[in-house]
Amino acid sequence: MTRWNSIEIIAGADAAPTLVFASGDDIHAPEALRGRVASIIKAAGFEGKPGRWLDIVGEGEAGGRVVVVAVGAADSDDRWRHAGGHAVEAIRGLGLAAARLPAAAELGLGDALADVIEGVLLHGFRLDQRRREPVPGQFASTLLIADADAALADRARRRADPVNRVRAWVEQPANLLTPAVLADEAEAALAPLGVRVRQLGPAELEALGAGGILAVAAGSANEPRLTIAEWRGAPDREGWDAAFVGKGLTFDAGGLNLKPRPGIAKMKFDMAGGAAVLGAVERLALRKAPVNIVAIVPMCENVIDGKSYRPGDVITSLSGLTIDVQDTDAEGRIVLADGVTYAAREYDPAYIVDVATLTGAIMGVLHEEFAGLFTSDDALAESLTRAGADVREPLWRLPLVAAQDYLVESPVADVANLGAPGWFGAGQGSPVAGAKFIEKFAHGRRWAHLDIAGTGWATRRSSRGGPGATGFGVALLDRWAGLIEKEGR
Ligand code: BES
Ligand code: MN
Ligand code: ZN
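The structure presented is a predicted model; accordingly, all values stated were derived computationally and were not measured. (Residues numbered from 1 in each chain as written. Chains lettered and ligands numbered in written order. Predicted model: local features only at pLDDT ≥ 70, side-chain atom pairs only at ≥ 80, totals over all residues. Heavy atoms only, no water.)

Time to look at the side chain of Asp327. Its place among the elements puts Asp327 in the loop between strand 14 (322-324) and helix 10 (332-347). Notably, Asp327 is buried but unbridged: the nearest opposite-charge side chain belongs to Lys259, and the N-O separation is 7.8 Å. Among the polar contacts listed, one links the side chain of Asp327 to the backbone nitrogen of Asp329, at a separation of 2.7 Å. (Helix = DSSP H or I, 4+ residues; strand = E, 2+ residues; numbered from the N terminus. Buried < 20%, exposed > 50% of the residue type's maximum accessible area, 1.4 Å probe, protein only. Lys, Arg positive; Asp, Glu negative; His and termini not counted. Salt bridge = Lys/Arg side-chain N within 4 Å of Asp/Glu carboxyl O. Polar contact = N/O pair within 3.5 Å; in protein donor to acceptor, adjacent residues only side chain to side chain.)

In structure tokens, the structure reads:
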């Protein structure tokens, strides 16, 4: 099982250094400490820039130690999650085995304490269970919270745990996380929550005619899976509100159109979209969301073998549409074609949203901050954009118009996975063409495509932690489902 480490949150009254927060002139500390902390901050000339902390010895009751964590100004609604992150930095920077978080009421934080704890869990994330030798200076830490805040801590866990699970999957090397392992782990994580999980293996995919997934998977010794996770939170309502389809390439070497050397190791992350849709379903189940949503994840590996599919091959997808494989490295859209077809056929959902690390080029345009949003459905674009903005997983809409249909035209098949060449040079694909390709398989349904190649992995810190896998999409899809709950389809 892919396991991650984070700061452990325990309710209890053990003695440990006390964490308090300074936000500009506001001191969030228990009444008894507030005045002293304020004057020490002043005397020390502590400027309170986020990311700094002040370690005061000889003041608090417990251990005589108080750690003041600087928090950003009040204008950022994200600051308490950031604050949790800075608390982690202080705990680890000072080498504390434990720290105590005063009660929300004492800190004057109310429900924002859940954001702090979520920030602690997200920033505490570390995938290091594979080391045999401990890293000097790295050890497990505990955050003690007040008994009265146990419910807030549970709320924080329900938000952070699915994101951290996704991050762990995304960072897990491809030799340890094969399609079968990912499918089994998804089942183990989701089934106990009341999610119905099914896995289709090679024989079932063959019988079904999922020619896209089978072609991409053909070169790998690791069997493909089509993993399906159904959350029926509104059992009295007929039908399915949405299908979330995620790209689940546990490794993408490019196939016979082999990727160049730099960056290839990162391609263990090519299942970030698939992980995100599963994480979103976990969040729905944990909060018992009154929606009917299914996650569908084609999982496979794109590597080289005598059995690999070739550039120039024509394959028949699950939909029956034939695909001209111009480039074996444009494999994500091929497996998504089957995933979207399966979603439409088996579930007839009101909406289909696919999430994929589809193109390197999206990173050159939107970088790490925005995921690309492609849809011809304005209302869906609006609700997804709103959901993304709400949870700070922002989307930026890019064009998807009939005038660009030629991008995926083929002289020999119904659709080419790399049409009109030459815009980007060898081995680079247009994000628009990728979206155009998948659109063909949505057959006019309400559908949107999110290209998370840039946002799935961070090189910088955000309010969710990092650098590393981000879990992008989990919070967004959960929020979007919330909009459907409130506003209807
Ligand atoms: N998984 C990659 C996309 C990717 C590339 C993500 C680099 C992050 C960094 C995808 O399967 C791919 O290889 N896309 C190609 C498409 C091209 C061959 C049409 C790309 O973007 O270069
Ligand atoms: Mn590829
Ligand atoms: Zn890929």
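Spanning 12 residues, helix 6 (residues 179-190) covers 16 Å between terminal C-alpha atoms, matching the ideal 16 Å at 1.5 Å per step. If you check which residues of helix 6 are buried, you get Pro179, Leu182, Ala183, Glu185, Ala186, Ala189 and Leu190. Along helix 6, the residues classed as buried sweep out an arc of 165° about the axis, all on the same side. (Expected span 1.5 Å × (residues − 1). Arc of directions from axis to C-beta.)

To continue, consider a nonpolar patch on the surface. A surface patch of nonpolar side chains, about 260 Å² in accessible area, is lined by Leu256, Leu258 and Ile304. Examined against the element boundaries, Leu256 turns out to sit in the loop between strand 11 (248-252) and helix 9 (272-286). (Patch = residues over 30% accessible without salt bridge, like charges linked within 9 Å, V, L, I, M, F, W, Y side chains within 5 Å. Areas by Shrake-Rupley, 256 points an atom, 1.4 Å probe, with all protein chains shown as cover.)

With that settled, the discussion passes to the nonpolar core. Membership of the largest hydrophobic core comes to 95 residues, with the highest contact counts inside it found for Phe21, Leu101 and Leu143. There are two domains that each give this core at least three residues, and those are domain 1 (4-159) and domain 2 (172-487). Not counting residues within four places of it along the chain, the set of residues in contact with Phe21 comprises Asp26, Ile27, His28, Val69, Val71, Trp80, Ala83, Ala87, Leu101, Leu107 and Val116. Judged by nonpolar contacts, the second largest core, of 50 residues, contains Ala210, Ala215, Ile315 and Ile438. (Core = buried A, V, L, I, M, F, W, Y, C linked by side-chain atoms within 4.5 Å. Domains from an automatic or database assignment. Contact = heavy atoms within 4.5 Å.)

Turning our attention to the packing of aromatic side chains. To describe a pair of aromatic rings, you give the distance between the ring centres and the angle between the ring planes. On inspection of all chains with the given rule, the structure shows eight aromatic pairs. Aromatic side chains Tyr351 and Trp480 sit 5.3 Å apart centroid to centroid with 85° between the ring planes, which places their arrangement in the edge-to-face category. In this pair, Tyr351 sits in strand 15 (residues 351-356) while Trp480 sits in helix 14 (residues 474-487), placing the two residues 129 residues apart along the sequence. With a relative accessible area of 1%, Trp480 lands in the buried category. Ring geometry for Phe437 and Phe441: centres 5.2 Å apart, planes at 40°, overall tilted. Here Phe437 pairs with Phe441, and both are found in helix 13 (residues 431-442), just four residues apart, close to one helical turn. Each residue in the set Trp240, Tyr342 and Tyr347 is aromatic and connected to the rest through ring pairs, giving one cluster. Positioned above the aromatic ring of Trp240, the side-chain terminus of Arg232 is 4.8 Å from the ring centre. One residue, Lys266, lies across the ring of Phe269, its end atom 4.8 Å from the ring centre. (Phe/Tyr/Trp six-rings, centres within 6.5 Å; stacked < 30°, edge-to-face > 60°. Lys NZ or Arg CZ within 6 Å of the ring centre and 35° of its normal.)

This next bit is on the coordination of the zinc ion (ligand 3). Looking at the zinc ion (ligand 3), the protein donor atoms are Lys247 (NZ), Asp252 (OD), Asp270 (OD) and Glu331 (OE), and they sit 2.0 to 2.4 Å from it. On the primary sequence, the residues serving as donors to the zinc ion (ligand 3) are separated as K-x4-D-x17-D-x60-E. (Donors = N, O, S within 2.8 Å, 3.2 Å for Na, K, Ca; no water.)

Attention now goes to helix 1 (residues 31-44). Taking 1.5 Å per residue, 14 residues should reach 20 Å; helix 1 reaches 20 Å between its end C-alpha atoms and fits that length. Among all positions of helix 1, only Leu33, Val37, Ile40 and Ile41 are buried. Looking at the residues trailing helix 1, positive phi occurs at Gly45, about 65°.

A few words now on the domain arrangement of the protein chain. When the domains of the protein chain are assigned, the result is domain 1 (4-159) and domain 2 (172-487). Each of domain 1 and domain 2 was reduced to a C-alpha centroid, and the two centroids are 37 Å apart. Listed as interface residues are 15 residues of domain 1 and, on the opposing side, 12 residues of domain 2. Carbon and sulfur atoms make up 45% of the surface buried where domain 1 meets domain 2, a total of about 1200 Å² over both sides. Considering only the surface of domain 1 that becomes buried against domain 2, Arg81, His123 and Arg158 emerge as the three largest contributors, covering 38% of it. Inspection of the region where domain 1 meets domain 2 yields two salt bridges. Counting only elements with at least two residues in the side of domain 1 that touches domain 2, the list comes to helix 2 (79-93), helix 4 (112-124) and helix 5 (150-171). In terms of residue count, helix 2 provides more of the side of domain 1 that touches domain 2 than any other element does, five residues in total. Its residues assigned to classes, the side of domain 1 that touches domain 2 shows two nonpolar, six polar and seven charged. (Buried area = accessible area lost by both parts, 1.4 Å probe. Nonpolar A, V, L, I, M, F, W, Y, C, P; charged D, E, K, R; others polar.)

What surrounds ligand 1 is a group of 21 residues, the closest being Asp252, Lys259, Asp270, Asp329 and Gly360. Measuring from an oxygen atom of ligand 1, one finds a side-chain N or O atom of Glu331 at 2.9 Å. Take Leu358: an N or O atom from its main chain is 3.3 Å from a nitrogen atom of ligand 1. Broken down by class, the residue content of the shell around ligand 1 amounts to seven nonpolar, six polar and eight charged. (Near = heavy atom within 4 Å.)

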